[in-house]
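Spelled out from the first residue to the last, the chains are:
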Amino acid sequence: MKLLENVNLDCLSELIHTLSLTTGSCRLQLKLESYSCKMTGDDKKLLKNMTNGSEDAGLQALSPPSLGYGFPSPTTSTGQLQDACSTRTFHCLVSALNASFRPDYDFSHAKSEEFSRIPNQNMVTQDIHNMFYTTLGDSFCDIKEHMWNTIDREIVLNQCSFYRYNADLDSDPYGESLWYFNYFFYNKRMKRILFFSCQAQPYGDRDGSEDDDMYYSGPEMSYSDTEITVNQWEDNN
């Protein structure tokens, strides 16, 4: 996986984070990152381990969709899993997690059942809107169209399939969150994946400096900078 630098995604991430500090009920920490699916040496090793060297590794079973506040939804009445993806797609999801969180966390041994395929974009959009609105209130309404336009320009949403990682709360970055989401927008045609992750933490829980560094790695911005970002978008539309 190679991170594709995108200042618009960086600015959007910082905008939402700053809004949570000035108008929100808790602190939001985001990752909004675009990756090329071209494999690095580590990615090739991971795929080889997943497939045991076989070119045809079949399908990987996925869990039912988990939507709303980051808590998993139950399986079917028979206990069976409802979906599957190719091993190469599963490999892309795990590689994106590794690229985003290394060196603090390693997801190489994540199970396919910890992921879900979301049937359509509307379900993803509605879930993200609900989560942000609980924290940002009406402030989110002012930026949501700008948010989706920025994301669409990077990944072309109507060409994507959508996945979610259902976190292992005992051993990954989401364990102390009030709520969280982490979505993958996978555009197979572009050979690109966009990782959109957010977790909410209460004010005063920790100073948050280390966590903020882990989540936001773009340019430093003041709140006035983020207002300019939104104003520029409004002027052009």
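Residues numbered from 1 in each chain as written. Predicted model: local features only at pLDDT ≥ 70, side-chain atom pairs only at ≥ 80, totals over all residues. Heavy atoms only, no water.

**Looking at the packing of aromatic side chains**
Each aromatic ring pair is characterised by the separation of its centres together with the angle its planes make.
Piece 1. Under the definition given, this model contains 17 aromatic pairs.
Piece 2. Judged by centre distance (5.7 Å) and plane angle (90°), the ring pair of Phe-107 and Tyr-165 falls under edge-to-face. With a gap of 58 residues between them, Phe-107 in the loop between helix H3 (87–101) and strand E5 (115–118) and Tyr-165 in strand E6 (residues 161–165) connect regions that are remote in the sequence. In terms of burial, Phe-107 and Tyr-165 fall into one category: buried.
Piece 3. Aromatic side chains Phe-162 and Phe-185 sit 5.3 Å apart centroid to centroid with 75° between the ring planes, which places their arrangement in the edge-to-face category. Taken together, the positions of Phe-162 in strand E6 and Phe-185 in strand E7 (residues 179–187) put the pair 23 residues apart, joining distant regions of the chain. (Phe/Tyr/Trp six-rings, centres within 6.5 Å; stacked < 30°, edge-to-face > 60°. Helix = DSSP H or I, 4+ residues; strand = E, 2+ residues; numbered from the N terminus. Buried < 20%, exposed > 50% of the residue type's maximum accessible area, 1.4 Å probe, protein only.)

**Section: the environment of Ile-128**
Piece 1. For Ile-128, the position within the fold is in helix H4 (residues 121–136).
Piece 2. Ile-128 sits 70 residues away from Cys-198 along the chain, and the two C-alpha atoms are 9.4 Å apart.
Piece 3. Among all residues touching Ile-128, those that are not within four sequence positions of it are Met-147, Trp-148, Phe-181, Tyr-183, Phe-185 and Phe-196. (Contact = heavy atoms within 4.5 Å.)

**A closer look at the pattern of salt bridges**
Piece 1. Under the defined criterion, the tally for this structure stands at three salt bridges.
Piece 2. One salt bridge in this structure joins Lys-31 and Glu-33, with 3.7 Å as the shortest N-O distance. Each member of the pair, Lys-31 as well as Glu-33, is classed as buried.
Piece 3. The shortest N-O distance in the salt bridge between Asp-127 and Arg-164 comes to 2.9 Å. In this pair, Asp-127 sits in helix H4 while Arg-164 sits in strand E6, placing the two residues 37 residues apart along the sequence.
Piece 4. Assessed through its relative accessible area of 0%, Arg-164 is described here as buried. (Salt bridge = Lys/Arg side-chain N within 4 Å of Asp/Glu carboxyl O.)

**Description of the nonpolar core**
One recurring pattern in soluble globular proteins is that nonpolar side chains are buried together.
Piece 1. Counting residues in each nonpolar core, the largest one holds 32 residues, and the members touching the most others are Leu-28, Ile-128, Phe-132, Met-147, Ile-151, Phe-185 and Phe-196.
Piece 2. Where this core is concerned, the elements lending two or more residues are helix H1 (7–22), strand E2 (27–36), H4, helix H6 (144–155), E7 and strand E8 (192–201).
Piece 3. Cys-85, Tyr-163, Phe-184 and Tyr-186 belong to the second-largest nonpolar core, a separate cluster that totals 27 residues. (Core = buried A, V, L, I, M, F, W, Y, C linked by side-chain atoms within 4.5 Å.)

That's the geometry; what it means functionally is another story.
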